[in-house]
Amino acid sequence: MAKFDFPKGFYWGAATSAHQVEGKNNNDWTEWEKEHANRLANEASKKKFPEHILNLNPSPLDQNNYISGEACDHYNRFREDFDIAKSLGHNAHRFSIEWSRIEPTEGQWNQKEIQHYQDVINALRERGIEPFVTLWHWTLPTWVAKQGGWENKKTIDDFVRYTYKVTASLQGVKYWITLNEPEVYTGKSYFTGTWPPQKKSLIKFFKVFCNLIEAHKEAYTTISKTGAFSGISQNNFYFNLFLNKISDYQNFIGINYYKYWNLGRLKSDMNWPIYPKGIFHVLKDLKKYKKPIYITENGLADAKDEKRSDFIREHIKWIARAMKEGANVRGYLHWSLLDNFEWSDGFWPKFGLVEMNYNTMERKIRQSAYEYKKIIESNSIEI
């Protein structure tokens, strides 16, 4: 075994998204949850879950599981959560801004919420943690959804205006992620039609996909004028069509890696196969874009915390091997800092380095988080 030393200044941390952790949001997803919670609970009752999953609170059979509600109350407890991140050695953190808070009504900016996100950025900076800020992580203000969401070309202009407002208003951000997994969103919302707005249509799928490409390009141009860097977070499980279309409009590539096709014998609680070597292949493939790469999500649902330590260690080993072969990786952000609301699956999948008690809002650091801390502190790994 040889030791691989990561470069000085390598970013280590974790990630969250606004809708999944903040609580008390009002967007197209919160509207959808209220309409579909009962259906999702009924569908879950027909699936086979292990006993330890059925004993979780909330359980996948409970319709409250599918209502984001208070979530993790991160909106009010972000300083406490960043104290935990700092204690675990993190020097970077990815979070998202909730568009519906910033612009709840078309053209009406909420200065109080802009200040809130400035407070979030300041809290990270005060703790020596670099902010990676996502502008759009799947949720839309209700007024945007009512005008057709990303099917409507007007939404491109609305998003660029929102991008300008946010990036001009918020200070202390070097890295902006314009869109999170646009290919996953288009696939779930318009190809399979399982997520809001549930419009299964190949024509709408391609229309939305093209509109998201245009939205990113224009947002990138807007952000470039501020001197900051921007890119998207791409899910590796999909083809690189989106990256190919924006290759000249990105300063870096964010990669979200969870699985590599269906390879891997071990499975997560969500039955996703675990295949750490896949991240090596993904990173080697991304070399052709000649851009810095940040792992912006990588994690698993593991309520018992039995597999997470090995999961982190093995993925980081394969990242190191890819770096030895020329992959320009600059950081690793684990998904997620906290257990959170996992979209249409609700609260039961446990992705957090920190365990959440949703009754008391108590945070409890998992053992795997301390194993990750050891890697961070040594800034190296045996490969």
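As a reminder, the structure under discussion sits directly above these lines.
These remarks concern the structure in this document.

What counts, and at which threshold
Residues numbered from 1 in each chain as written. Predicted model: local features only at pLDDT ≥ 70, side-chain atom pairs only at ≥ 80, totals over all residues. Heavy atoms only, no water. Pairing = 2+ DSSP bridges. Helix = DSSP H or I, 4+ residues; strand = E, 2+ residues; numbered from the N terminus. Axes fitted to C-alpha atoms, helices over the stretch in contact; angles between N-to-C directions. Core = buried A, V, L, I, M, F, W, Y, C linked by side-chain atoms within 4.5 Å. Buried < 20%, exposed > 50% of the residue type's maximum accessible area, 1.4 Å probe, protein only. Contact = heavy atoms within 4.5 Å. Phe/Tyr/Trp six-rings, centres within 6.5 Å; stacked < 30°, edge-to-face > 60°. Lys NZ or Arg CZ within 6 Å of the ring centre and 35° of its normal. Expected span 1.5 Å × (residues − 1). Polar contact = N/O pair within 3.5 Å; in protein donor to acceptor, adjacent residues only side chain to side chain. Parallel < 35°, antiparallel > 145°, perpendicular 65-115°, else oblique. Left-handed = near helix turned anticlockwise from the far one by under 90°. Nonpolar A, V, L, I, M, F, W, Y, C, P; charged D, E, K, R; others polar. Patch = residues over 30% accessible without salt bridge, like charges linked within 9 Å, V, L, I, M, F, W, Y side chains within 5 Å. Areas by Shrake-Rupley, 256 points an atom, 1.4 Å probe, with all protein chains shown as cover. Salt bridge = Lys/Arg side-chain N within 4 Å of Asp/Glu carboxyl O.

1. Examining the sheet that holds strand β8 (residues 293–298)
Thinking step 1. Around the barrel, which closes on itself, the eight strands sit in the order β2-β3-β4-β5-β6-β7-β8-β9 with parallel pairing between neighbours. If you compare each strand with its neighbour and ignore which way they point, the axes differ by 25° on average.
Thinking step 2. In this sheet, strand β3 (residues 92–96) lies alongside strand β2 (residues 11–15) in parallel orientation, the contact comprising three bridges. Bridging across to β3, G13 finds its partner in A92.

2. Re the nonpolar core
Thinking step 1. If you look at the biggest cluster of nonpolar residues, it comprises 112 residues, and the most contacted ones within it are I97, W136, F159, W176 and L283.
Thinking step 2. Top contributing element to this core by residue count: helix α10 (residues 202–224), with eight residues.
Thinking step 3. Setting aside residues up to four positions removed in sequence, W136 forms contacts with W99, W150, F159, I177, T178, L179, N180, Y185 and L212.
Thinking step 4. Residues A92, Y175, I177 and Y294 belong to the second largest nonpolar core, which totals eight residues.

3. Focus on the packing of aromatic side chains
Thinking step 1. Taken as a whole and judged by the stated rule, the model has 45 aromatic pairs.
Thinking step 2. Following the ring pairs from residue to residue traces out a cluster consisting of W99, W136, W143, W150, F159, Y162, Y185 and Y190.
Thinking step 3. Against the face of W318 rests R321, its NZ or CZ located 4.3 Å from the ring centre.

4. Digging into α10
Thinking step 1. In this model α10 runs 33 Å from its N-terminal to its C-terminal C-alpha over 23 residues, within 8% of the 33 Å that 1.5 Å per residue would give.
Thinking step 2. Buried residues of α10: F205, V208, F209, N211, L212, I213, A215, H216, A219, Y220, T222 and I223, and no others.
Thinking step 3. Where α10 starts, the residue carrying a side-chain oxygen 3.4 Å from the main-chain nitrogen of I203 turns out to be S201.

5. Here we look at the packing of helix α13 (residues 308–324) against helix α14 (residues 367–378)
Thinking step 1. The interhelical angle for the contact between α13 and α14, taken along N-to-C directions, is 25°, at an axis separation of 8 Å. Here α13 is positioned roughly parallel relative to α14, judged by the angle of their axes. The handedness of the crossing between α13 and α14 comes out as right-handed. Across the interface between the two elements, R308, S309, I312, R313 and I316 of α13 pack against S368, E371, Y372 and I375 of α14.
Thinking step 2. A class-by-class count of the residues in the contact of α13 with α14 yields four nonpolar, two polar and three charged.

6. Digging into a nonpolar patch on the surface
Thinking step 1. On the surface, a cluster of nonpolar side chains totalling about 320 Å² of accessible area is made up of F191, L202 and F206.
Thinking step 2. Considering the arrangement of structural elements, one finds F206 in helix α10.
Thinking step 3. Classification of F206 as partly exposed rests on a relative accessible area of 45%.

7. Looking at the side chain of D158
Thinking step 1. The residue D158 is located in helix α8 (residues 154–169) in this model.
Thinking step 2. Taking relative accessible area as the criterion, D158 reaches 2% and is therefore assigned buried.
Thinking step 3. At a separation of 2.7 Å, a polar atom in the side chain of D158 contacts the side chain of Q147.
Thinking step 4. Discounting residues that sit within four places of it in the chain, D158 has contacts with W99, E106, W143 and Q147.

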